[in-house]
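Here is what each chain is made of, one letter per residue.
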Amino acid sequence: MPTIFLKTIKKRVDFLKVSKSGKKFFTKGFILQKYKRTVGLEKDTIRIGFTITKKIGGAVIRNKIKRRFRTIIREIFTKYLKKNYDYVIIANKKSLIMDYKELKSDVIKTVK
RNA sequence: CCAGAUAGUUUGGUGACUGCUCGCAUUUUGAGAGGAAAGUCCGGGCUCCUUGGAAACGUGAUGACGGAUAACAUCCGCCAGAGGUAACUCUAGGGAAAGUGCAACAGAAAAAAAACCGCCAUUUUUUUUAUGGUAAGGGUGAAAAGGUAUGGUAAGAGCAUACCGCUUUUUUGGUAACAAAAAAGGCACGGCAAACCCCAUCAGGAGCAAGACUAAAAAGAGGUGUGCGUUAAAGUGAGUUUCCACAUUUACACCAGGGUAAGUUGCUUGAGAUAAUUGGUAACAAUUAUCCUAGAUUAAUAGUCAUCGCUUGAUAAAUAAAAGAUUCGAAGUUUUAUUUGUUAGGUACAGAACCCGGCUUAUAACUAUCUGGCUUU
RNA sequence: GGGCCUGUAGUUCAGUUGGUUAGAACACGCCGCUCAUAACGGUGAUGUCGCAGGUUCGAAUCCUGCCGGGCCCA
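From a predicted model like this one, the values you see are computed outputs, not experimental measurements.

Chemist: Would you mind going over helix H2 (residues 59–80) with me for this structure?
Modeler: For H2, spanning 22 residues, the distance from its first C-alpha to its last is 30 Å, which sits close to the expected 32 Å at 1.5 Å a residue. The sharpest bend along H2 reaches about 35° and sits at Arg74. Among the residues making up H2, those that are buried are Ile65, Arg68, Phe69, Ile72, Ile73, Ile76 and Phe77.

Chemist: Teacher, can you tell me more about the environment of Lys66 here?
Modeler: If you trace the backbone, Lys66 turns up in helix H2. A relative accessible area of 29% places Lys66 in the partly exposed class. When neighbours within four sequence positions are excluded, Lys66 is seen to be in contact with Phe50 and Ile52.

Chemist: Is there a simple way to explain the nonpolar core in this structure?
Modeler: Most often, soluble globular proteins have nonpolar side chains that are buried together. By size, the foremost hydrophobic cluster in this structure holds 23 residues, and its most contacted members are Phe30, Phe69, Leu81, Tyr87, Ile89 and Val107. Taken together, the elements giving at least two residues each to this core come down to strand E3 (30–36), strand E4 (45–51), H2, strand E5 (85–91) and helix H3 (100–111). With 6 residues, H2 is the largest single contributor of residues to this core. With residues up to four places along the chain from it excluded, the contact list for Ile89 reads Phe30, Ile31, Leu32, Gly49, Phe50, Thr51, Phe69 and Ile73.

Conventions and cut-offs
- Residues numbered from 1 in each chain as written.
- Chains lettered and ligands numbered in written order.
- Predicted model: local features only at pLDDT ≥ 70, side-chain atom pairs only at ≥ 80, totals over all residues.
- Heavy atoms only, no water.
- Helix = DSSP H or I, 4+ residues; strand = E, 2+ residues; numbered from the N terminus.
- Expected span 1.5 Å × (residues − 1).
- Bend = angle between axes of the 7 residues up to and from the residue.
- Buried < 20%, exposed > 50% of the residue type's maximum accessible area, 1.4 Å probe, protein only.
- Contact = heavy atoms within 4.5 Å.
- Core = buried A, V, L, I, M, F, W, Y, C linked by side-chain atoms within 4.5 Å.

In structure tokens:
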């Protein structure tokens with residue numbers, strides 16, 4: 001079993017690729033997009049990105065949402081996430097009010 | 001106790017588990033958001049345009065006076081005006097006697113005055129009408145060419161006098177704005193310059209996505225046409241024009257072709273912070289000592305849970321004071337204050353992005369001093 | 001991060017420079033025409049001029065500060 005690497009998506013092009021050709025899952029707090037990469041440049045890595053628009057709030061609120069999602073992913077990625085996949089989470093306004101445990105269970109459901 | 005004014009401080013703590021960025025370094029240790037980091041409204045540093053010097057015009061900004069500062073539209077002091085019972089606050093606060101312009105409607109008249117209703121005189125004479133005097137009163141308007149009182153007059157009027165205001169001059173105080181006093185002038189000189197403008201002072205433009213380097217690729221050094229020899233051409237500085245100076249020999253136009261955003265650097269030691277002393281009313285300056293205090297780039301500085309603070313409301317108990325009823329007294333009742341427990345909330349505004357000095361806006365809690373009012377002694 | 005533009009009826013725009021009346025078209029309401037609808041004709045309403053201060057006798061317009069919307073950079 002090779003070790004799994006976690007990386008973040010940083011380029012705009014990658015985000016567009018995921019949103020165009022990936023599968024979408026909707027929940028109360030966020031939208032998840034999933035896409036399997038064909039190029040084998042980075043083997044055995046999971047890449048994840050976050051999209052939080054300016055409509056949701058100021059910089060403080062956006063940062064807080066991002067941190068919460070990041071910790072959730074860090075806790076669960078070894079168990080649930082598949083390698084060679086790209087994930088993008090688009091956050092909603094409700095994700096700020098929602099409970100941490102509730103949000104975590106939602107993420108696990110959609111990732112499967 | 002209530003209401004207000006000014007100045008300042010802080011930005012919750014502890015623990016557990018799981019984590020992020022940078023530096024040293026090689027497995028551990030050190031550091032890690034703000035008073036506004038915000039808005040991008042001003043002023044600088046820094047970089048490029050770029051390898052010079054000056055003048056005129058134009059454009060923009062600022063505007064009492066004196067200082068502080070690298071600089072400013074900032075700050076300090078002071079003056080004037082306005083607001084407030086007061087503490088205190090606010091003011092784009094030069095020039096309307098250089099010129100041009102504006103003032104709808106109303107009103108007789110909106111600026112070298114003029115006369116609608118009036119008032120008065122003369123003529124006529126019951127009145128009307130006409131001519132002249134007048135600007136007290138009425139009316140219009142945001143604004144009507146000093147105000148009040150007395151005298152004076154045909155009626156009136158700075159026509160005269162007193163006080164106030166205004167203008168000019170002198171003296172005194174002050175660095176100055178300005179203030180005070182005295183004398184003179186009978187008043188000639190209304191408002192708007194955040195209308196054009198005039199005066200004084202200042203200002204080149206663009207911005208760290210500036211700019212520099214590395215790698216890759218392509219080009220440079222490809223083609224065609226036109227003009228061409230020191231008298232000239234075009235260039236160097238920015239908005240325009242002109243003058244001087246400078247260095248250069250090819251210059252200009254068109255066609256064809258390439259590149260589509262990688263990395264490093266700029267990047268954090270600076271008009272730096274803290275403390276003391278000295279000078280200054282103060283802003284601030286000088287000297288000495290100590291300290292190094294974020295550098296990300298889908299963008300770190302935290303997430304979850306527990307608990308303790310702080311604070312608001314509800315509720316229960318205890319203690320203290322007051323009230324009226326009953327009255328020998330106590331318990332009990334109501335109100336207020338304090339303490340303790342339980343429970344439900346709240347714990348702001350908000351996240352560095354090259355760096356500083358301000359301004360403006362958003363906001364939680366606390367402290368000190370001062371002012372006014374109420375109550376008690 | 002930096003630079004720039006723009007906000008007026010329900011919608012699309014005039015008016016702003018140069019201060020004293022807020023307008024046009026479409027849409028909307030009512031009436032007429034029609035057996036009925038549309039079209040057509042008549043008529044009517046519609047605005048804190050993005051918000052808050054200041055200058056002025058007077059501000060959509062001039063000045064200052066906020067708020068919203070949009071664009072650009074290598």
